[in-house]
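Each chain, letter by letter, is given below.
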Amino acid sequence: MSYDQLTPTPDADSKPFWDACRNHQLMFQKCAECGDVRWPPSILCPQCHCRDAEWIESVGKGTVYSYAIYHQAFHPAFAAKLPYVVAIVQLDEGPMILTNIIGCPHESLACEMPVQVAWDDVSEECSLPKFLPIL
Amino acid sequence: MLEAGICKYVVITYGHSALWGGGMYQMLLQLTGNEAAFGHFGAVGGYALAAMRGMHEFSTGPETWKHIAMGQRKWANLNPAAMMHKKAMSEEDYYNAPMVVEPLRLFDNCLINDGGRAIIITTAERARDLKQPPVLIAGMGHHNPSNEIGQAKYMAGPTGAKKAGEAAFQMAGIGVGDVDACQIYDCFTYTVELTMQDYGFFGRGEGEDWFKGGTIEPGGRMPLNTSGGQLSEAYYMGLTPMSEAVMQLRGQCGDRQLGPKTNTKEPEIILCSDNGGILQSNACYIFRKG
Ligand SMILES: [Zn+2]
């Protein structure tokens, strides 16, 4: 499997999110009933089961909920990147997404550190939202 | 189904050829989905994220986890069926092992192996007429918080173990103090700590104090994962802990048998756990000598 096959496979629910990523916009569904901003995209609000939602654009700022540092490559495409950081970032609008922290010395990593989105254009079709520390 | 008379015996089996079949790798890769784009794969990464959040919220880390890895290894050294039977583990071995996904080192991870396990369940009445000494299910509880781990706020507990444990203790009519030994699902050392914490064996962040000094080892006051567990015997999902609990209560465990042979209390009650996904589900079982 090449890295290309590891890039996200959008489904009907997540296509608007990944399409927006190509334009360097971080878009999430906001429930029309209770206002919950959710991830991953879905037809129902996980909090109140309401079907109506609007897509809103995130400012792209948040905090690190947790992180982990990969020292082994589980796929050859990542061997040259070791060690690299996977993290869960909680955006200021609410949703938590899995991502990478880049541009941060590993000894400075910490839960709750503020971060902002930094786009990684991995191919013509795909831009990944990664995060940089806010200094 | 047994109570209703629909069936007489239920066999629960688990087997895999994880070493050569690639099935385990496939399963773990499928757990990953779109997160593979960020280099996030399988279970180790998920539990590493959980363990790091645990380290942020309460006092835990390798100083706690080494006691679990080394304690279980001592049990495996008494179990000829264990993969790690002939391999001792010193504190130096634990710390010098490579990081897999930080904060988890190699010996914080369970084993990959070929093999299988099976248990048979029937009514207590029927069991009394069978060849083997019966072991009774005194209590059970399940709880499945079941968010995607990426959206979960229970990485540092309380996990599903809290409610599952409460339900099992209530059904059995006992408390933590009545338990003679534990067989805890141990995909990672952190899972053992968090599960025991949520079951109420010690307070939040008191794990290091509770585990140190040989608490869970041969001769210890709360023997845990006495086959070596999935960290040091073999990985058979929930059947590693369950089969060991049953065999211990039957007195069929050879050199690792709880009681005078290992300078531990002869067991009447053993608590077991199972755990699914990345801390997304928990089952607690309390077994009693029949
Ligand atoms: Zn809602």
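Before going into details, it helps to say that this report is about the structure given with it. (Residues numbered from 1 in each chain as written. Chains lettered and ligands numbered in written order. Predicted model: local features only at pLDDT ≥ 70, side-chain atom pairs only at ≥ 80, totals over all residues. Heavy atoms only, no water.)

1. A few points about the overall build of chain B
We apply this condition: Starting at the N terminus, helices and strands are each numbered in turn, a helix being any DSSP run of H or I of at least four residues and a strand any DSSP run of E of at least two. Atoms counted for the radius of gyration: C-alpha only. Globule rule: 2.2 Å times the number of residues to the power 0.38. Calculation of accessible area relied on Shrake-Rupley with a 1.4 Å probe; when residues are assessed, cover is drawn exclusively from the protein chains displayed. Only four residue types enter the tally: Lys and Arg on the positive side, Asp and Glu on the negative side, with His and both chain ends excluded. Lys charges are placed at NZ, Arg charges at CZ, Asp charges at CG and Glu charges at CD.
The secondary structure content of chain B amounts to 10 helices and 8 strands. In terms of C-alpha radius of gyration, chain B reaches 18 Å, essentially the compact-globule figure of 19 Å for 290 residues. Surface exposure of chain B reaches about 12000 Å², of which carbon and sulfur atoms provide 52%. Side-chain charges of chain B comprise 24 positive and 29 negative groups, with the mean position of each set lying 5 Å from the other.

2. Examining the sheet that holds strand β5 (residues 135–143) of chain B
All names here are of chain B. Definition in use: Strands are treated as partners if at least two bridges between them are detected by DSSP. Fitted lines through C-alpha atoms give the axes, limited to the stretch in contact for helices. The angle between two N-to-C directions lies from 0 to 180 degrees. Residue contacts follow a heavy-atom distance rule, with two residues in contact if any of their heavy atoms lie within 4.5 Å.
With mixed pairing, the 4 strands of this open sheet are ordered in space as β5-β8-β7-β6. On the outer flanks of this sheet lie β5 and β6 (181–183), each paired with one strand and no other. Pairwise comparison of adjacent strand axes, ignoring direction, gives a mean angle of 20 degrees for this sheet. Looking at chain direction, strand β7 (residues 269–276) and strand β8 (residues 281–289) are connected through 8 bridges and run antiparallel. The partner of D274 across the bridge, within β8, is A283. Packed on one face of the sheet, helix α7 (residues 189–199) meets β6, β7 and β8 and runs near 120 degrees to β7. The sheet strands contacting helix α10 (residues 239–250) are β5, β6, β7 and β8, and the helix crosses β7 at an angle near 170 degrees.

3. What about the interface of chain A and chain B?
This is how the line gets drawn: Summed over both partners, the accessible surface that disappears when two parts come together, traced with a 1.4 Å probe, is what is meant by buried area. Each salt bridge in this description consists of a side-chain nitrogen of Lys or Arg and a carboxyl oxygen of Asp or Glu lying within 4 Å of one another. The term polar contact refers here to a pair of N or O atoms within 3.5 Å; inside protein, the definition further demands a hydrogen-donor-capable atom paired with an acceptor-capable atom, and it admits residues adjacent in sequence only when both atoms are side-chain atoms.
With 34 residues of chain A at the interface, the matching set in chain B holds 29 residues. Together chain A and chain B conceal approximately 2800 Å² of surface at their shared face, both sides included; 63% is due to carbon and sulfur atoms. Counting across the chain A and chain B interface gives 1 salt bridge. Of the charged contacts in the structure, one is a salt bridge between E112 of chain A and R53 of chain B, with a shortest N-O distance of 2.9 Å. For the pair chain A and chain B, the number of links is 16 residue pairs in polar contact (both at pLDDT 80 or more). For the side of chain A that touches chain B, the secondary structure elements donating two or more residues are β4 (61–70), β5 (84–91), β6 (96–101) and β8 (127–133) of chain A. In terms of residue count, β4 of chain A provides more of the side of chain A that touches chain B than any other element does, 6 residues in total. Bridging between β4 of chain A and strand β2 (residues 99–102) of chain B involves 2 bridges; their strand directions are antiparallel. Bridge pairing in β2 of chain B links Y70 of chain A to V101 of chain B.

4. Remarks on the sheet that holds strand β3 (residues 53–57) of chain A
Ordered in space as β2-β1-β3 (chain A), the 3 strands form an open sheet in which the pairing is antiparallel. Among the strands making up the open sheet, the edge pair consists of β2 (37–38) and β3 of chain A.

5. A closer look at helix α6 (residues 160–172) of chain B
All names here are of chain B. What counts here: The span you would expect from a helix comes to 1.5 Å times its residue count less one. Residue exposure (1.4 Å probe, protein chains only): buried if accessible area is under 20% of the type maximum, exposed if over 50%, otherwise partly exposed. Note that the arc is computed from the directions linking the helix axis to the C-beta atoms.
Between the first and last C-alpha of α6 there are 18 Å, a value that for 13 residues agrees with the 18 Å anticipated at 1.5 Å per step. Of the residues making up α6, those classed as buried are G160, A161, A164, G165, A168, F169 and A172. All buried residues of α6 lie within an arc of 145 degrees about the axis, which places them on one face of the element. Away from the buried face of α6 by more than 90 degrees, exposed residues K163 and Q170 are located. Close packing links the buried residues of α6 with β5, α7, β7 and β8.

6. Here's the deal with the nonpolar core
The criterion, for reference: Here, nonpolar core refers to any group of buried Ala, Val, Leu, Ile, Met, Phe, Trp, Tyr and Cys residues whose side-chain atoms link them within 4.5 Å.
Core analysis: the largest hydrophobic core is formed by 71 residues, its most contacted members being Y67 and I101 of chain A. Per-element accounting of this core gives the leading share, 8 residues, to helix α2 (residues 42–57) of chain B. The contact partners of Y67 of chain A, leaving out residues within four places of it in the chain, are V85, V86, A87, L109, A110 and C111 of chain A together with A48, L49 and M52 of chain B.

7. Notes on the side chain of D180 of chain B
Residues and elements named next belong to chain B. The topology assignment puts D180 in the loop between α6 and β6. At a separation of 2.5 Å, a polar atom in the side chain of D180 contacts the side chain of K265. Those residues in contact with D180 that lie beyond four places of it in its chain are M222, P223, K265, E266, P267, E268 and I269.

8. Notes on the packing of helix α3 (residues 62–76) of chain B against α7 of chain B
All names here are of chain B. Inclusion rule: In what follows, roughly perpendicular refers to angles from 65 to 115 degrees, roughly parallel to angles under 35, roughly antiparallel to angles over 145, and oblique to any angle outside these ranges. Here the nonpolar group is Ala, Val, Leu, Ile, Met, Phe, Trp, Tyr, Cys and Pro; Asp, Glu, Lys and Arg are the charged ones; every other residue, Gly included, is treated as polar.
Packing of α3 against α7 leaves a shortest axis separation of 9 Å and a crossing angle of 105 degrees. Considering the angle they form, α3 stands roughly perpendicular to α7. Packed against α3, whose contacting residues are T64, W65, I68, A69 and Q72, the element α7 presents T189, Y190, V192 and E193 at the interface. Along the lines of polarity and charge, the residues of the contact of α3 with α7 split into 5 nonpolar, 3 polar and 1 charged.

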